[in-house]
Every structure is written in C-alpha cells, then in structure tokens.
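Results of the structural survey
Next come the chains, spelled out residue by residue.
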Amino acid sequence: MRVKVTSLDFAGLCRRIAAFALVLPLLAPVPAGAQAETAGQPADLPVLFDARERLVRPDISGMLRLRFLTTTDFPPFNFTDQADRLSGFHVDLARAICEELSMQARCQIQALPYEQLADALDAGQGEAVLAGVAVTPELRKRFRFTRPYLLLPARFLVARDRRLARPDAESLFGRPVGVVENTAHAAMLKAFFPDIRAVPFKDRDSLMQALRDKRIDAVFADALQSSFWMQSPAAGNCCAFLGGAYLSETHLGEGMTVMVAGKDQSLAAALESALAMLSKNGRLEEIYLRYFPAGLY
C-alpha cells in the first residue's frame, strides 16, 4: 500500500487520513512504513499528488529552452560521478520532467554553487532550480514554487541488539533518546513525544557516538543523514531505524520543491503537472528507489 500525504501540517494530515481511511500515524503507536521495514523492505514513497486530481497543464511549447539549475555537492541528489558527469536524483528528475513535457531537445541542466542559485535564477540564467532549496518567505517574494515532490522525515535510530518491548516509538517512553540541541528535531521530539526523555547533544558526531557506545537508547534525527551514517564505516553496522517516518511542516518545512523564475505562473503549473504525472505513473518512485534503495520512510 502506498502512503498518501496531501498536507505536511500535522492537524491537516490527521483530517486527510480520516477522510481517505489511509494510515500515516505521525503520533500513533506504529508509524507509516513500520510493517514494510519489519519485513526488510523500504516503505513506499509517500504520494504527494492526488491521482484523481486533474492539474491543468499550460502550453509551454513556445519556450526556446528549459534550463534547470542545480549543484554538484549534495549527493545523492546532485553530484558528479566518476566520469565527471552530472548525476543524482535531481538530475534524473529534471530529465524525467523534460520528457514528460516533451522538451527533451530543449532541456538543459547546469550546476552552480548553492549560494549562487537564487541570484542566477533571478538574473535569467535558468528557468528553474532543482536543488532542494528550502522555501522561505523571502524567496516566495522573488520566485514561485511547485508543490513538494519529496519529504525528508525524522526517524528514530536504535542499536540493532537493543531489546525493546515494541517496534515503535512507544517503546522509548521514559528512556533516554539523544537529539542535537537547538534544532528542529529537538523541538519536534519535545512536541510529538513528551513522554520520551530527551538528551541534548552539541553536534551530530557526539550524538551518534553516544548511540554506538550505548549511552543512550536511541536518537531522533534526519532520516537522510541517518541512513547514510548507518551504511558508513563509522557506524559499524551497529544500528537500524525503529518504526516509521515522522513528518511535520511546522518543524521540518514544506519539503523539496522546484523553485521557478518569473511572475508568470505558467511554467510553475506545467512543472507541477509533470511532477503529478510522474507520481501517478510511478516514475518518481522509480527514481527515488534508484538513489535511496534502503528507503527514508
């Protein structure tokens, strides 16, 4: 079963879940994806576009080219491979969008330093940025954004040999769980799980070392960073995710979107309709699993 998410707001999620009779329990005993992961399989990519919704696709066939701006320093989203070719999740997604819009011959992907992306888009050096730029009120004044195409959840990480009564967050109630202090994840842990005893750490390295040394029972952190750490030599195959993924627009933001230049909403609407179709036909999940075979959810 694919998990459907139409809003990142927690209260909104609960209303949507009740309406569609689907399960994405952000505060429930067994979070989304727990069953799939228990079976050793990654949970499905949350569906962010309603398959029944028909998005209007403006005609952008008159565009001379569609230039996506990205970076090379955010693997596996954007990076240069061993042949010095631009690669990654965002690169493949840009190509899939261009194919969906029948603009392959006019599609270009250019890499720039991250801090130059917004100004380059403003200066007309590209039509859209596909690089995981966080949506802010300041950027909304300058650019348009599509709906999110990917969410980066928070997750619990525990030692593989840690014996717990349940395979979910409830088993951590009253136990010491580490989190990096003064971060969105620290605030989210406090808000979502007041029964857990939060233990603050100054940085991620000391947090993960404490988990390895079993000075804490679990950590609560970004799922993407945690998934890479689990597979690194530093982890020594010590740890695994507990339960499923936790989402919150309030704490974690709107998710990854495409930032689009100009005041004309036609291109943003066309890109959004292309993303919706890639979600509907499974291409988006195919690209996701290509770069995140262990899953984030």
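Overview of the structure.

1. Side note on the overall build of the protein chain
- Tallying secondary structure elements over the protein chain gives 11 helices and 13 strands in all.
- Within the span of the protein chain, comprising 297 residues, buried residues form 48% of the whole.
- In the protein chain, 72% of the contacts between residues at least 6 apart in sequence involve partners at least 24 apart.
- Carbon and sulfur atoms make up 51% of the accessible area of the protein chain, which amounts to about 14300 Å² in all.

2. A few points about the environment of Leu 112
- Looking at where Leu 112 falls in the secondary structure, it is placed in the loop between strand 5 (107-111) and helix 4 (117-122).
- Between the C-alpha atom of Leu 112 and that of Thr 72, which follows or precedes it by 40 residues, the distance is 7.4 Å.
- Look past the residues within four positions of Leu 112 in its chain and what remains in contact with it is Leu 69, Thr 70, Thr 71, Leu 117, Ala 120 and Gln 125.

3. A few points about the packing of aromatic side chains
- All chains considered together, the criterion is met by 14 aromatic pairs.
- Judged by centre distance (5.7 Å) and plane angle (85 degrees), the rings of Phe 77 and Phe 89 are edge-to-face. With a gap of 12 residues between them, Phe 77 in the loop between strand 2 (73-74) and strand 3 (78-80) and Phe 89 in helix 3 (residues 89-100) connect regions that are remote in the sequence. For the pair formed by Phe 77 and Phe 89, the shared burial category is buried.
- One Lys or Arg, Arg 155, reaches over the ring of Phe 241 and ends 4.0 Å from the middle of that ring.

4. Regarding the state of the cysteines
- Taken as a whole and judged by the stated rule, the model has 2 disulfides.
- Here Cys 98 engages in a disulfide with Cys 107; their sulfurs sit 2.0 Å apart. In this structure, the disulfide formed by Cys 98 and Cys 107 twists by about 60 degrees around the S-S bond and is classed as right-handed. The residues Cys 98 and Cys 107 share a single accessibility class, namely buried.

5. Thoughts on unusual backbone geometry
- The omega torsion of the bond from Pro 75 to Pro 76 falls at 5 degrees, within 30 degrees of zero and hence cis.
- With respect to the helices and strands, Pro 76 occurs in the loop between strand 2 and strand 3.
- In this structure, Asp 84 takes a positive phi of about 65 degrees despite not being glycine.
- Within the secondary structure, Asp 84 sits in the loop between strand 3 and strand 4 (86-87).
- Although it is not a glycine, Asn 237 adopts a positive phi angle of roughly 55 degrees.
- Along the chain, the position of Asn 237 falls in the loop between helix 8 (223-230) and strand 12 (239-246).

6. Some words on the nonpolar core
- Ranked by size, the top nonpolar core spans 43 residues in total, and within it Phe 68, Phe 89 and Leu 271 carry the most contacts.
- For this core, the secondary structure elements donating two or more residues are strand 1 (66-70), helix 3, helix 10 (266-280) and helix 11 (283-291).
- Take this core: its biggest share by element is 8 residues, from helix 10.
- Contact partners of Leu 271, with chain neighbours within four places excluded, come to Leu 66, Phe 68, Ile 97, Leu 101, Ala 128, Thr 146, Val 258 and Val 260.
- One finds Ala 169, Leu 172, Phe 193 and Tyr 246 within the second-largest nonpolar core, a separate group that totals 17 residues.

Cut-offs and rules
Residues numbered from 1 in each chain as written. Predicted model: local features only at pLDDT ≥ 70, side-chain atom pairs only at ≥ 80, totals over all residues. Heavy atoms only, no water. Helix = DSSP H or I, 4+ residues; strand = E, 2+ residues; numbered from the N terminus. Buried < 20%, exposed > 50% of the residue type's maximum accessible area, 1.4 Å probe, protein only. Contact = heavy atoms within 4.5 Å. Areas by Shrake-Rupley, 256 points an atom, 1.4 Å probe, with all protein chains shown as cover. Phe/Tyr/Trp six-rings, centres within 6.5 Å; stacked < 30°, edge-to-face > 60°. Lys NZ or Arg CZ within 6 Å of the ring centre and 35° of its normal. Disulfide = S-S within 2.5 Å. Core = buried A, V, L, I, M, F, W, Y, C linked by side-chain atoms within 4.5 Å.

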